[in-house]
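So the chains spell out like this:
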Amino acid sequence: MAKDLARGPARTGERALAPDLARGFMLLLIAIANTPWYLWGREGERLASHPPDGSILDKATQAVIVTTVDLRIYPLFAFLFGYGIVMLYQRQLAAGTPERAARALIQRRNVWLLVFGFAHALLLWFGDILGAYGLVGLALVWLFLRRTDRTLLLWSAIGGGILILLAFLALITALSVPPADQPSESFSPYFIIEAANGESNYFIAAVTRVAFWGALILFQGIISLAVPIAILLGIWAARHRILEQPGQHLRLLRTTAIAGITLGWVGGAVAASAKLGAWEPTEAMRGALELVQLSTGLAGGVGYVALFGLLGHWLQPRAPLGIIGTAISAVGKRSLSCYLAQSILCAPILAAWGLGLGEQLHSASMAAYAIAVWVVIAAWAYWLERGDKQGPFEIVLRSRVYGRAG
């Protein structure tokens with residue numbers, strides 16, 4: 001119960017710079033990652049969610065997104081989610097909150113993230129990620145929060161090994177099976193785009209969004225393995241205060257950043273080359289490339305976290321950060337409100353049930369729109385930061401989770 005809590009949520013002076021910078025920049029990448037899903041009304045088969053048509057600039061935009069963003073940002077967010085769980089837990093224990101009450105607080109927060117995610121999908125955006133993290137958070141807090149570091153790393157290694165093995169077997173199968181014996185058509189997410197964002201009736205689209213969201217949180221949160229692995233790694237990293245004290249872990253951060261981002265970009269570049277027609281993959285190979293994207297995306301997401309740890313170490317002694325650094329950090333401090341604000345500024349304008357602009361845009365112009373949305377949100381977050389104000393959805397969530405203590 002909230003009355004058992006010895007303190008409320010984190011105060012401004014208690015926040016570490018690196019996680020807030022990572023969350024703030026991550027939301028820009030999430031906005032870009034979501035762009036192809038708003039481009040409805042396109043004819044033709046798609047590989048992944050990106051449309052097959054477009055100019056040279058559109059193709060270049062797709063190549064950058066597939067290489068550096070697709071399936072790389074959700075693990076980044078998951079890592080920070082796990083990191084935040086431990087920071088919250090340790091603050092409560094240090095203040096004198098009983099362990100059982102601290103764990104109940106975290107689980108109450110996870111339940112409310114599920115509620116926020118459902119409302120988000122129902123009202124605006126089927127690709128909501130809050131529900132997936134709330135769902136997997138409930139399971140992992142119960143199973144792993146009090147486990148040893150060795151257990152966390154062991155299960156992370158097992159999950160990562162399964163991902164790599166699946167990708168390897170899929171590649172071997174794709175290379176060994178003759179094209180004549182392979183399936184003639186692979187799964188394409190295009191019908192999701194049309195059903196959710198190409199539907200002009202808002203209420204029909206809402207039912208469709210919730211149905212897709214229910215399947216998506218199971219896939220993202222559990223089946224894909226990438227999100228649970230990243231959360232476990234985030235829990236382990238938070239116990240060692242790697243992002244709060246990056247100066248003590250520079251070698252680990254450098255190695256992880258270089259290796260993770262290199263693997264992430266190499267895997268993404270292979271998928272991007274197939275998407276752009278540099279070579280023609282078979283249907284089986286297309287499925288294998290998705291597994292390669294997923295496994296290397298986990299490495300890339302963790303690599304991005306390490307990069308922001310290094311950036312936080314470099315920037316911390318140079319405070320104040322300036323307008324840009326402060327704005328990015330302000331977005332990270334209000335990540336829930338800024339994440340939901342993206343859908344508020346995108347869905348009603350781009351979807352067919354709204355103004356329908358998504359039918360007119362292409363990959364490059366849609367990416368420019370997403371960047372503009374993030375800039376507007378960053379300006380709003382900067383204004384809130386100057387006034388020492390919380391984000392509106394943080395206020396709601398904290399009131400539900402902490403009660404009067406929030």
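Residues numbered from 1 in each chain as written. Predicted model: local features only at pLDDT ≥ 70, side-chain atom pairs only at ≥ 80, totals over all residues. Heavy atoms only, no water.

### Here's the deal with the nonpolar core
Here is step 1: Core analysis: the largest hydrophobic core is formed by 102 residues, its most contacted members being Leu27, Ile30, Phe79, Tyr133, Ile231 and Tyr339.
Here is step 2: Residue contributions to this core peak at 14 residues, all from helix α3 (residues 73-95).
Here is step 3: Among all residues touching Tyr339, those that are not within four sequence positions of it are Leu27, Ile30, His120, Trp125, Gly127, Asp128, Ile129 and Leu130.
Here is step 4: Counting residues in each nonpolar core, the second largest holds six residues, with Ala170, Ala174, Met285 and Leu289 among its members. (Core = buried A, V, L, I, M, F, W, Y, C linked by side-chain atoms within 4.5 Å. Buried < 20%, exposed > 50% of the residue type's maximum accessible area, 1.4 Å probe, protein only. Helix = DSSP H or I, 4+ residues; strand = E, 2+ residues; numbered from the N terminus. Contact = heavy atoms within 4.5 Å.)

### So, the state of the cysteines
Here is step 1: The tally for this structure, following the rule as stated, stands at zero disulfides.
Here is step 2: Among the cysteines around Cys338, which has no disulfide bond, Cys346 carries the closest sulfur, lying 13 Å off.
Here is step 3: The exposure class assigned to Cys346 is buried, which follows from its relative accessible area of 8%. (Disulfide = S-S within 2.5 Å.)

### Topic: the side chain of His50
Here is step 1: Relative to the helices and strands, His50 resides in the loop between α1 (17-33) and α2 (56-68).
Here is step 2: Of note is the side chain of His50, whose polar atom sits 2.8 Å from the side chain of Asp70.
Here is step 3: Discounting residues that sit within four places of it in the chain, His50 has contacts with Pro36, Gln62, Ile65, Val66, Asp70 and Lys275. (Polar contact = N/O pair within 3.5 Å; in protein donor to acceptor, adjacent residues only side chain to side chain.)

### Some thoughts on the packing of aromatic side chains
Any two aromatic rings considered together are summarised by their centre-to-centre distance and by the angle between their planes.
Here is step 1: For the structure shown, the criterion picks out 13 aromatic pairs.
Here is step 2: The interplanar angle of 75° and the centroid separation of 5.9 Å between the aromatic rings of Trp37 and Phe126 together place this pair among those described as edge-to-face. Pair noted here: Trp37 is in the loop between α1 and α2 and Phe126 is in the loop between α4 (99-123) and α5 (130-144), with a separation of 89 residues, a long-range link.
Here is step 3: With a centroid separation of 4.8 Å and 75° between ring planes, the pair formed by Tyr202 and Trp353 is classed as edge-to-face. Residue Tyr202 is located in helix α8 (residues 202-223), and its partner Trp353 is located in the loop between α13 (335-350) and α14 (363-386); the two are separated by 151 residues in the primary sequence.
Here is step 4: By relative accessible area, which is 26% here, Tyr202 ends up partly exposed. (Phe/Tyr/Trp six-rings, centres within 6.5 Å; stacked < 30°, edge-to-face > 60°.)

### Regarding the pattern of salt bridges
Two side chains of opposite charge can pair, provided their charged atoms sit close to one another.
Here is step 1: Enumeration according to the criterion identifies six salt bridges in this entry.
Here is step 2: Among the salt bridges present, the one from Lys333 reaches Glu385, with a minimum N-O distance of 2.8 Å. Of this pair, Lys333 sits in helix α12 (residues 322-333) while Glu385 sits in helix α14, and the two are 52 residues apart along the sequence.
Here is step 3: For Glu385, a relative accessible area of 21% translates into the label partly exposed.
Here is step 4: Through salt bridges with shared partners, one network takes in Lys333, Arg334 and Glu385. (Salt bridge = Lys/Arg side-chain N within 4 Å of Asp/Glu carboxyl O.)

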